[in-house]
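# Breakdown of the fold
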Amino acid sequence: REYIQNAFIASGSVVSLPSNAGAAPITETGKNPTFSKGKSRTSGYKVHHTPAEWTAVLSNAQFNVLRKGQTERQRGSILEKETRQGLFVCAGCSQPLFSSRDKFDSGTGWPSFDSAIALDAVEVEDLGMMNMMEGAEVRCRTCGGHLGDVFGDGWRYGTKSKTGKRYCINGAALVFRPEGGGKELRG
């Protein structure tokens with residue numbers, strides 16, 4: 001996974017990532033906001049902190065994933081097996097990102113979702129023409145934190161992925177908020 005994350009191949013068109021999180025359906029012409037390869041994770045976002053400030057508010061694992069773009073160990077997050085209803089928010093800024101209704105067990109060892117909660121909740125690396133089987137980096141649109149990657153291999157999981165997409169997300173980048181209240185669970 002770490003190799004794939006850093007080995008993007010340009011060969012297709014801009015990524016279309018529809019949302020099905022309870023809002024009106026987004027057509028195939030809908031697009032997630034995109035960012036260019038090499039864009040900073042610190043400038044141009046609503047939530048901005050210095051590295052020292054980030055280390056004060058994030059755990060080591062969260063900092064390594066969100067701010068350094070690293071990948072957590074496979075099956076390293078308790079959120080991979082989380083099945084309760086609720087929301088998955090960014091561990092860096094609390095932006096709602098994914099709904100448990102869109103989560104599925106991909107067997108890959110990381111929490112997987114077939115769509116983001118809203119089209120503008122995340123941004124996807126704009127690789128121009130690309131092969132979605134190789135994946136594209138996904139970031140929180142509010143703080144620029146690295147979340148994981150999105151792949152076009154959702155079809156491999158049958159009816160589990162309703163969109164054909166697989167957002168493979170590091171649990172350390174997320175906090176789970178159970179529906180109806182209760183204690184938050186940090187990945």
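Please read these numbers as outputs of a predicted model, since none were measured by experiment. (Residues numbered from 1 in each chain as written. Predicted model: local features only at pLDDT ≥ 70, side-chain atom pairs only at ≥ 80, totals over all residues. Heavy atoms only, no water.)

A few words on the state of the cysteines. Per the counting criterion, the structure on display carries 0 disulfides. For the unlinked cysteine C93, the closest cysteine sulfur is that of C140, found at 3.5 Å. Among the cysteines around C143, which has no disulfide bond, C90 carries the closest sulfur, lying 3.6 Å off. Relative accessible area serves as the criterion here: at 1%, C143 is assigned to the buried category. (Disulfide = S-S within 2.5 Å. Buried < 20%, exposed > 50% of the residue type's maximum accessible area, 1.4 Å probe, protein only.)

Across the 5 residues that make up strand 10 (residues 174–178), a large majority, 4, are buried. Alignment of strand 2 (residues 86–90) against strand 10, held across 5 bridges, turns out to be antiparallel. In the sheet register, V89 faces strand 10, and the bridge partner there is V175. (Helix = DSSP H or I, 4+ residues; strand = E, 2+ residues; numbered from the N terminus. Pairing = 2+ DSSP bridges.)

Bringing the nonpolar core into the picture now. In this structure, L97, F98, V122, L147, Y167 and L174 are the most contacted members of the largest nonpolar core, which totals 32 residues. Sorting the residues of this core by element identifies helix 3 (60–66), strand 2, strand 3 (96–99), strand 6 (122–126), strand 7 (136–140), strand 8 (146–151), strand 9 (166–169) and strand 10 as the ones contributing at least two each. (Core = buried A, V, L, I, M, F, W, Y, C linked by side-chain atoms within 4.5 Å.)

On to the sheet that holds strand 11 (residues 185–186). Sheet strands associate in pairs through backbone hydrogen bonding, adopting either a parallel or an antiparallel arrangement. Strand order in this open sheet of 4 strands is 3-2-10-11, and the pairing throughout is antiparallel. Each end of this open sheet is capped by a strand with a single partner; those strands are strand 3 and strand 11. Sheet analysis places strand 10 next to strand 11, joined by 2 bridges and oriented antiparallel. The residue bridging V175 from the neighbouring strand is R186, located in strand 11.

Let us look at the confidence of the model for the protein. Averaged over all residues, the pLDDT of the protein equals 79, while 76% of them reach at least 70. The model gives residues 1–29 a pLDDT under 50, and that stretch makes 76 contacts with residues more than four places away or in other chains. (pLDDT = per-residue confidence, 0-100. Contact = heavy atoms within 4.5 Å.)

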